[in-house]
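A closer look at the structure
Each chain, letter by letter, is given below.
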Amino acid sequence: MPPTGKKPTSKALESAYLFFNEIGIIAQLSANQFQRVLPHGLNQSQFSVLNWFVRVDVEATPGRLANAFQVTKGAMTNTLGKLQDKGLIRIDPDPDSGRRKIVRLTAAGRRARDDAVAASFPLLSDFIARFDGRQIDAALPLLQEIRAYLDALRETA
């Protein structure tokens, strides 16, 4: 979204800061709660990779995954190695390149991801008991638009 040319007010800037500060705190608190219930010895970053394969694509290179998660290729290689050791992903040579690798989710990886999502249901049930589904549904379009905006900024940076 291009800038409007208007200079934001101090109040608007403060509100934007507080908005993202709250999102950051929510992300940290919710990730901590989720980490506590993750099965299969998964950590948050490992689950996120498994979830990426379910949500985005059936295969990827380690470099593509590193870019998607905004981490170094070394950090992603470490995460992928742990997932491979658990049999949750396969890393194969790319038939079109002697150096590249292709990463794919295994059936066990899909089950582990699904088990992790199911393990979060008690947390989500408590959340739904506190916050009406209509409130959540109403907030989703704004959050999705903000995510898309920030993702587009990342792509151009």
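Structure's up top.
Our subject in this report is the structure included herewith. Predicted model only: the values in this text are computed from it and were never measured. Starting from 1, residues in each chain are numbered consecutively following that chain's sequence as written. Where totals are concerned, whole chains, interfaces and linings use all residues; where local detail is concerned, this predicted model gives features only for residues with pLDDT of at least 70, and gives and counts side-chain atom pairs only at 80 or more. Only hydrogens and water are removed before side-chain values are computed, so all heavy atoms of the structure are retained for them.

**Thoughts on the pattern of salt bridges**
Condition: Take a side-chain nitrogen of Lys or Arg and a carboxyl oxygen of Asp or Glu: if they are within 4 Å of each other, that pair is a salt bridge. Relative accessibility decides the category of a residue: with a 1.4 Å probe and only protein chains considered, values under 20% of the type maximum give buried, values over 50% give exposed, and everything between is partly exposed.
Per the stated rule, a full pass over the model turns up 9 salt bridges. Among the salt bridges present, the one from Arg-100 reaches Asp-94, with a minimum N-O distance of 2.7 Å. Classification of Arg-100 by relative accessible area gives partly exposed; the value is 45%. By sharing partners, the salt bridges in this structure join Glu-59, Arg-90, Asp-92 and Arg-104 into a single network.

**Let's talk about the packing of helix H2 (residues 44–55) against helix H3 (residues 62–69)**
Test applied: An axis is simply a line fitted to the C-alpha atoms; with a helix, the fit covers only the stretch in contact. Between two such axes, the angle follows the N-to-C directions and lies from 0 to 180 degrees. Elements are defined by DSSP. Helices are runs of H or I of four residues or more, strands are runs of E of two residues or more, and each kind is numbered from the N terminus. Any angle from 65 to 115 degrees is called roughly perpendicular, while one under 35 is roughly parallel, one over 145 is roughly antiparallel, and all others are oblique. Here, residues are in contact when the closest pair of their heavy atoms is within 4.5 Å.
Where H2 contacts H3, the two axes come as close as 12 Å, and the packing angle between them is 105°. By the angle class used here, H2 and H3 are roughly perpendicular. When H2 is examined against H3, the residues Ser-48, Val-49, Trp-52 and Phe-53 are found in contact with a partner set consisting of Arg-64, Leu-65, Ala-68 and Phe-69.

**A closer look at the layout of surface pockets**
For clarity, the threshold we go by: In this analysis, the protein atoms alone were mapped onto a 1 Å grid. Cavities are point sets where a 1.4 Å probe fits without being able to get out; pockets are open sets with protein on both sides within 12 Å along at least five of seven lines; lining residues have an atom within 4 Å of a point. Grid points are joined across faces, edges and corners, and a volume is the space filled by probe spheres set on the points. All residues other than Ala, Val, Leu, Ile, Met, Phe, Trp, Tyr, Cys, Pro, Asp, Glu, Lys and Arg, Gly among them, are scored as polar; the first ten of these are nonpolar and the last four charged.
One number sums up the size of the largest pocket: a volume of about 2200 Å³. Lining the largest pocket are 39 residues, and of these Ile-23, Ile-26, Ala-27, Ser-30 and Leu-143 sit closest to its centre. Going through the elements one at a time, helix H1 (10–37), H2, H3, helix H6 (121–130) and helix H7 (133–156) are the ones with two or more residues in the lining of the largest pocket. Here the lining of the largest pocket takes 12 residues from H7, the largest share from any one element. Broken down by class, the residue content of the lining of the largest pocket amounts to 25 nonpolar, 9 polar and 5 charged.

**A look at the sheet that holds strand E2 (residues 89–93)**
Stated formally: Here, a strand pair is defined by DSSP locating no fewer than two bridges between the strands.
Within the open sheet, the 3 strands sit side by side as E1-E3-E2. Their pairing is antiparallel. The strands lining the two open edges of the sheet, one partner per strand, are strand E1 (59–60) and E2. The sheet contact formed by E1 and strand E3 (residues 101–105) spans 2 bridges and is antiparallel. Of the residues in E3, the one forming a bridge with Glu-59 is Arg-104. Helix-sheet contacts for H2 involve E1, E2 and E3, and the interaxial angle to E3 is about 85°.

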